[in-house]
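# Examining the three-dimensional arrangement
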2 protein chains.
Amino acid sequence: MVEEGESKKAAKKEAKKAEKAAKKAEHKATNPSETPTSASEEVDVSKGKYGNLPMIQSDPTAPKLTFTYIKDLNESLQGQNVWVRARLHTSRARGKQCFIILRQREFTVQVLVNVSETVSKAMVKFSSNVSKESIIDVAAKVAKVPSAVAGCSQSDVELVASELWVVSASMPQLPLQIEDASRPEKPGEEDSLNIKVNQDTRLDNRFLDLRTATNQAIFRLEAGVCKLFRDSLTNKGFVEIHTPKIISAASEGGANVFTVSYFKSSAYLAQSPQLYKQMAIAADFDKVYTIGAVFRAEDSNTHRHLTEFTGLDLEMAFQHHYHEVMLTIGNLFTEIFKGLRDQYSKEISLVNQQYPAEPFTFLEPPLVLQYQNARKMLKEHGVEIGEEEDLSTPVEKLLGRIVKAKYDTDFYILDKYPLAVRPFYTMPDPQNPKSSNSYDMFMRGEEILSGAQRIHDPKFLTERAKHHGIDVTKIASYIEAFKYGCPPHAGGGIGLERVVMLYLGLDNVRKTSMFPRDPKRVTP
Amino acid sequence: MVEEGESKKAAKKEAKKAEKAAKKAEHKATNPSETPTSASEEVDVSKGKYGNLPMIQSDPTAPKLTFTYIKDLNESLQGQNVWVRARLHTSRARGKQCFIILRQREFTVQVLVNVSETVSKAMVKFSSNVSKESIIDVAAKVAKVPSAVAGCSQSDVELVASELWVVSASMPQLPLQIEDASRPEKPGEEDSLNIKVNQDTRLDNRFLDLRTATNQAIFRLEAGVCKLFRDSLTNKGFVEIHTPKIISAASEGGANVFTVSYFKSSAYLAQSPQLYKQMAIAADFDKVYTIGAVFRAEDSNTHRHLTEFTGLDLEMAFQHHYHEVMLTIGNLFTEIFKGLRDQYSKEISLVNQQYPAEPFTFLEPPLVLQYQNARKMLKEHGVEIGEEEDLSTPVEKLLGRIVKAKYDTDFYILDKYPLAVRPFYTMPDPQNPKSSNSYDMFMRGEEILSGAQRIHDPKFLTERAKHHGIDVTKIASYIEAFKYGCPPHAGGGIGLERVVMLYLGLDNVRKTSMFPRDPKRVTP
């Protein structure tokens, strides 16, 4: 309901329209009998001003109220009548008054339902019985408050209600409380009053959990990462492609793939769009990217593994050196980080309120470290890594801390991995047979991109596959793609959820996947 | 290799740099023995000026030539020396000359390798033996031609070669000829000289087939549809989300779903992101869209069915009437059509050269037809459809022709479908119990979007599911999402490949899916 980019002027205009509409409009209750009538003999002065609305079924004869957004409610509307449609966040009755907090995403405002000449006790009682999370329509006058309303985003005004209608009622028993789900996590404050919602309860009831201001911000920022990724690559001449998820053969030996029954046969779910990106390069698309689901049948139950995640993949032909591609990707990350910092500061700050984290730092241009130099840095810190050995996750994290201390950057590129630890299609280093033209990229010490120059020569690719003990008949169609002329090329794949998790300094990738999938979870 | 938006000025500058580079640079052949030496006793004056380059392995000591793009070659570069890296499209030897056509996507230029003081017979022979589709580097002088070069996009100049190096050799036997795959389809011209490439050969060798100018244009335009879809919705306040493809239960009764083995259990591939879009609405995201793979296990082998396609889905909360959403979608299509017309005219024209079609017409705002009025129009044309009957595909096509003749539009919205033909979650019409708040949208008489107001009231949803004979225990988690307050909402899903097919007037959805999947095809 909250629309972006609306000016105050427009808001005022709308409020005036709403005032007129409020005068004309008359909400019709479906079941007038359901409207609580006062048990006493008093006439209900509020009759027809509260109750349960009929289900909105797009009745063309129903009145068309104009609603004001909570974010636009402030002192400038003092004395005006408005209609607001929002969720009942919390309410408390106190004698002849009922205080309600209305919520639209991260925006909240206080409503006062107060017994008066036009508001009956019955209406106050009805209002105080509306269950939390119900969506309600409220007609009210905007009133300045003498002192700021604590805990509301709109703290300089409150709404004095004249009508209150339930649009969509919530069950009274909520599986989780939005307030609990929104409570800040302060390290060291583990006392019993600090009720939190555990992760499975959150995920089982994701349609509720996602209503918190933090989750609204996380997924707006996630959409932002995709937008910045696409806009940056589009400006660089990349073309978006769509690659199939159902594939006939498991490309890298068949481990960790999900099997699909496909009519009378079977197929697999793609672990990456790599083959297809490379075919697009062999087909002269020159620079391509794709955003889509990627599947890994790994039985890994860690903070950073999902069985299905969103891959941001790109591939690019180059002229002379794969660094043309590596630096394009590095520059892409710089543009994403700058875009997030400049355009999503509100979202970052909302998330930080619940999950405090150090601001994400980066250098421009990004730091590029050689693998062998990283080994030396690790050795200076007492960790010895063999010349042809890969980095374990804890060692990657240590390296991240060393790099952060030395260069003050949370992002860097690690170039020239040992050939032995990379897939068969990785191009060896022309000057050092133990090294390769490959790179990983890191955020806060965790890998978020793996990439390389791929071998574009079919004979050499076959030779390398054999060296890795791969049955070349099984990858014949992959090799085929390079037999009819293919430019040298390189690329990489990024895990969206990891990027968002690490950018925001969150502790679990399930916080940045809207409906996460892991070995134990395929619902909701 | 072709970069967009480069000015002529930049091209000239580059050409000058290239000239300098050309003077300095010396390409090194890996196997000088492979360089054909003249059988005669003559000294090869071109020695070191042609041959097979070593595989580009990102050697930092290799010369860094600056290449000129074919699209930038024109009379203004007359007399300048340039380097070009491109595919050898065709070549023919004629005595002491070899004519080569170089290709970069849709751009082509003629190269002359001519025996001279600096070009040996051996070099001409080598050049004429380079197989089609190989990628080569050519050093050449730009020369104006007295009469236009037929069949080349750059018709006012040719290149007079001084060096020629093979960067990536193609196998000499091609599974299909790019020329054949590019040949225009003119109705009625089915003679034997008119060699065409059949669809399976194309799809089996997609990395070759995609090299045609037509295919380059189709997939650039397809990327354009996605960009226009996203940009339009982002401007309207929509948020992009990502929904899981692996789901625990088949949402609509279990027909037509693919089963996935999921660790020790099994799961399904999502037929649509609808449940997840709706949960996002129940979770206050207000307006959402998602682009992703959608799976249908239908054994339909038609021109418009795929088992995996790209879904453009959106869902939106509304205030009073689902037409708020329907017209938002209508307006979205107008913006897409205008964007294609204005920004992709070159691509449309390239596709039309091979596959002629009438330009796509649309009205602004779009035409909205009532289902019952469409029935009347059909009746006037002799086709009777029952009040609660659906339209068959041939009837939809007839209706498209009637609408086109009457309103001159290839796009329209058909509103208020009979309730009986829509899924259980469709909101009935409040004024006519046989009708519903649902709509389809059509392009050139074929359905490309299906949408509706969804029932947001859990009790009524349960009632309607029971009415449809659905076991409500199986959709309990779907119904659950609406129990804690949900705004009224509507949405729809669009098949990307169909939109592109119908916009361009193509005859098969396999032409607009880069790597199509159907009951008989899961490769490449």
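Labelled according to an unreviewed UniProt entry, chain A appears under the name Aspartate--tRNA ligase, cytoplasmic, originating from Ceutorhynchus assimilis. In UniProt, chain A has this text filed under Sequence similarities (unreviewed entry): "Belongs to the class-II aminoacyl-tRNA synthetase family. Type 2 subfamily."

### Side note on the overall build of chain A
When helices and strands are counted, chain A shows 14 helices and 17 strands. Sorting the 524 residues of chain A into buried and exposed places 59% on the buried side. Split by element, the accessible area of chain A, about 21200 Å² in all, is 50% carbon and sulfur.

### Observations regarding the packing of aromatic side chains
All names here are of chain A. Inspection of every chain in the model, using the stated rule, returns 42 aromatic pairs over all chains. With 6.2 Å between their ring centres and 15 degrees between their planes, Phe-337 and Tyr-503 make a pair best called stacked. Of this pair, Phe-337 sits in helix 8 (residues 323-343) while Tyr-503 sits in helix 14 (residues 496-504); the two residues are 166 residues apart in sequence, bridging distant segments of the chain. Classification of Phe-337 as buried rests on a relative accessible area of 1%. A residue is classified by how much of its surface remains accessible, and Tyr-503, at 6% relative accessible area, is buried.

### Things to note about the interface of chain A and chain B
With 111 residues of chain A at the contact, the number on the chain B side is 111 residues. For the pair chain A and chain B, the summed buried area comes to about 9400 Å², and 60% of that belongs to carbon and sulfur atoms. When the area that chain A buries against chain B is broken down by residue, the three leading residues are A:Phe207, A:His320 and A:Tyr484, summing to 9%. The interface formed by chain A and chain B contains six salt bridges. B:Arg230 serves as the salt-bridge partner of A:Glu240, at 3.0 Å between the closest nitrogen and oxygen. Taken together, chain A and chain B are joined by 60 residue pairs in polar contact (both at pLDDT 80 or more).

### A word on the relation of the copies chain A and chain B
Expressed as a screw operation, the relation of chain A to chain B combines 0.0 Å of axial shift with a rotation of 180 degrees, fitting to an RMSD of 0.0 Å. In short, the pair behaves as if placed about a two-fold rotation axis. Among all C-alpha atoms of chain A, that of A:Val260 lies closest to the rotation axis, at 2.2 Å.

### Quick look at the packing of helix 10 (residues 371-380) of chain A against helix 11 (residues 393-407) of chain A
Helix packing for two helices is described by the angle between their axes and how far apart those axes are. All names here are of chain A. Helix 11 packs onto helix 10 with a crossing angle of 90 degrees between their chain directions and a minimal axis gap of 10 Å. On the basis of their axis angle, the class for helix 10 and helix 11 is roughly perpendicular. Contacts between helix 10 and helix 11 involve Ala-374, Met-377 and Leu-378 on the former and, on the latter, Val-395, Leu-398, Leu-399, Ile-402, Val-403, Lys-406 and Tyr-407. For the contact of helix 10 with helix 11, a count of residues per class yields nine nonpolar, no polar and one charged.

### Points about the pairing of strand 14 (residues 411-415) of chain B
Residue and element names in this part refer to chain B. Of all five residues in strand 14, five are buried; the element is thus mostly enclosed. Of the two faces of strand 14, the one carrying Phe-411, Ile-413 and Asp-415 and the one carrying Tyr-412 and Leu-414 are both buried. One ladder, built from four bridges, connects strand 13 (residues 367-370) with strand 14; its direction is parallel. By the bridge assignment for strand 14, Gln-370 is matched with Asp-415.

### Some points on the sheet that holds strand 16 (residues 446-454) of chain A
Residues and elements named next belong to chain A. What the eight strands build is an open sheet, ordered 7-11-12-17-16-15-14-13; its pairing is mixed. Looking along the sheet, the strands with just one partner apiece sit at the ends: strand 7 (239-240) and strand 13 (367-370). Bridge count between strand 16 and strand 17 (residues 489-495): six bridges; the pairing is antiparallel. The residue bridging Leu-449 from the neighbouring strand is Ile-494, located in strand 17. Seen against the sheet, helix 8 touches strand 12 (308-317), strand 13, strand 14 (411-415), strand 15 (438-443), strand 16 and strand 17 and runs at an angle of roughly 10 degrees to strand 15.

### Looking at the side chain of B:Thr108
In this structure, B:Thr108 sits in strand 4 (residues 107-114). Ignoring any residue separated from it by four or fewer positions in sequence, one finds B:Thr108 in contact with B:Ile70, B:Ile101, B:Leu102, B:Arg103, B:Gly151, B:Cys152, B:Ser153 and B:Gln154.

### Points about unusual backbone geometry
Note that the residue after A:Glu364, namely A:Pro365, is joined by a cis bond; omega there is 0 degrees. Here A:Pro365 shows up in the loop between helix 9 (345-354) and strand 13. Non-glycine residue A:Asp286 carries a positive phi angle of around 70 degrees. In this structure, A:Asp286 sits in the loop between helix 7 (274-282) and strand 11 (287-295). Unlike most non-glycine residues, B:Glu133 shows phi in positive territory, near 75 degrees. Within the fold, B:Glu133 resides in the loop between helix 2 (121-129) and strand 5 (135-144).

### A short note on the sheet that holds strand 14 of chain B
All names here are of chain B. One open sheet holds the eight strands; their spatial order is 7-11-12-17-16-15-14-13, and the pairing between them is mixed. Of all strands in the sheet, those with a lone pairing partner are strand 7 (239-240) and strand 13, marking the two edges. Of the strand pairs in this sheet, strand 11 (residues 287-295) and strand 12 (residues 308-317) are connected by nine bridges, and their pairing is antiparallel. When the sheet's bridge partners are listed, Val-288 is paired in strand 12 with Glu-315. In the packing of helix 7 (residues 274-282) onto the sheet, the strands contacted are strand 11, strand 12, strand 16 (446-454) and strand 17 (489-495), and the crossing angle to strand 12 comes to about 25 degrees.

### Side note on the pattern of salt bridges
This structure, assessed with the given rule, holds 64 salt bridges over all chains. For A:Arg183, the salt bridge identified is with A:Asp180, shortest N-O distance 3.0 Å. On the accessibility criterion, A:Asp180 (16% relative accessible area) is buried. Close ionic contact of B:Glu387 with B:Lys434 constitutes a salt bridge, the shortest N to O distance being 3.7 Å. Within this pair, whereas B:Glu387 is found in the loop between helix 10 (371-380) and helix 11 (393-407), its partner B:Lys434 is found in the loop between strand 14 and strand 15 (438-443), the two being separated by 47 residues in sequence. We classify B:Glu387 as partly exposed; its relative accessible area is 36%. One salt-bridge network, held together by shared partners, links A:Arg87, A:Arg103, A:Glu133, A:Arg211 and B:Asp284.

### As for the domain arrangement of chain A
For chain A, the assigned domains are domain 1 (50-168), domain 2 (178-209) and domain 3 (213-512). Between the C-alpha centres of domain 1 of chain A and domain 3 of chain A the distance comes to 49 Å.

### Side note on the environment of A:Val499
All names here are of chain A. With respect to the element layout, Val-499 can be found in helix 14. Taking the relative accessible area as the measure of exposure, Val-499 reaches 1% and is therefore buried. Between the C-alpha atom of Val-499 and that of Val-509, which follows or precedes it by ten residues, the distance is 9.2 Å. Once you skip the residues sitting within four places of it in the chain, Val-499 turns out to touch Val-225, Phe-333, Met-443, Ile-448 and Ile-494.

### Here's the deal with the confidence of the model for chain A
Residue and element names in this part refer to chain A. Confidence in the prediction for chain A averages 92 pLDDT; 90% of positions are at 70 or higher. In this model, residues 1-8 is a region of pLDDT below 50 whose contacts with residues beyond four sequence positions or in other chains number 23 contacts. Note on residues 30-39: pLDDT under 50 across the span, and twelve contacts to partners over four residues away in sequence or across chains.

### Structural notes on the side chain of B:Glu315
Residues and elements named next belong to chain B. Along the polypeptide, Glu-315 turns up in strand 12. The class for Glu-315 is buried, based on a relative accessible area of 0%. Here the side chain of Glu-315 touches Lys-277 through a polar contact of 3.2 Å, side chain to side chain. A distance of 2.8 Å separates polar atoms of two side chains, one belonging to Glu-315 and the other to Arg-454. Not counting residues within four places of it along the chain, the set of residues in contact with Glu-315 comprises Phe-238, Lys-277, Gln-278, Ile-281, Asp-286, Lys-287, Val-288, Arg-454, His-489, Ala-490, Gly-491 and Gly-492.

### What about helix 14 of chain A?
Residues and elements named next belong to chain A. Burial within helix 14 is extensive, with nine of its nine residues counted as buried. Listed in full, the buried residues belonging to helix 14 are Leu-496, Glu-497, Arg-498, Val-499, Val-500, Met-501, Leu-502, Tyr-503 and Leu-504. Of the residues flanking the end of helix 14, it is Gly-505, one or two places downstream, whose phi is positive at about 70 degrees.

### Some details on helix 7 of chain B
All names here are of chain B. Most of helix 7 is tucked away, with nine of its nine residues classed as buried. Residues of helix 7 that are buried include every one of Gln-274, Leu-275, Tyr-276, Lys-277, Gln-278, Met-279, Ala-280, Ile-281 and Ala-282, and no others. Asp-284 sits one or two positions beyond helix 7 and adopts a positive phi of about 75 degrees.

### Section: the environment of A:Leu314
Residue and element names in this part refer to chain A. Turning to its location among the elements, Leu-314 is positioned in strand 12. By relative accessible area, Leu-314 is classed as buried at 1%. The spacing of Leu-314 and Leu-350 is 36 residues in sequence and 31 Å in space, taken between C-alpha atoms. Residues contacting Leu-314, with those up to four places away along its chain left out, are Phe-229, Leu-233, Phe-238, Lys-277, Val-288, Tyr-289, Ile-329, Leu-332, Gly-491 and Gly-492.

Cut-offs used in this document
Residues numbered from 1 in each chain as written. Chains lettered and ligands numbered in written order. Predicted model: local features only at pLDDT ≥ 70, side-chain atom pairs only at ≥ 80, totals over all residues. Heavy atoms only, no water. UniProt positions renumbered as here; feature names shortened; annotations may be inferred. Helix = DSSP H or I, 4+ residues; strand = E, 2+ residues; numbered from the N terminus. Buried < 20%, exposed > 50% of the residue type's maximum accessible area, 1.4 Å probe, protein only. Areas by Shrake-Rupley, 256 points an atom, 1.4 Å probe, with all protein chains shown as cover. Phe/Tyr/Trp six-rings, centres within 6.5 Å; stacked < 30°, edge-to-face > 60°. Contact = heavy atoms within 4.5 Å. Buried area = accessible area lost by both parts, 1.4 Å probe. Salt bridge = Lys/Arg side-chain N within 4 Å of Asp/Glu carboxyl O. Polar contact = N/O pair within 3.5 Å; in protein donor to acceptor, adjacent residues only side chain to side chain. Least-squares fit on C-alpha atoms with pLDDT ≥ 70 in both. Axes fitted to C-alpha atoms, helices over the stretch in contact; angles between N-to-C directions. Parallel < 35°, antiparallel > 145°, perpendicular 65-115°, else oblique. Nonpolar A, V, L, I, M, F, W, Y, C, P; charged D, E, K, R; others polar. Pairing = 2+ DSSP bridges. Domains from an automatic or database assignment. pLDDT = per-residue confidence, 0-100.

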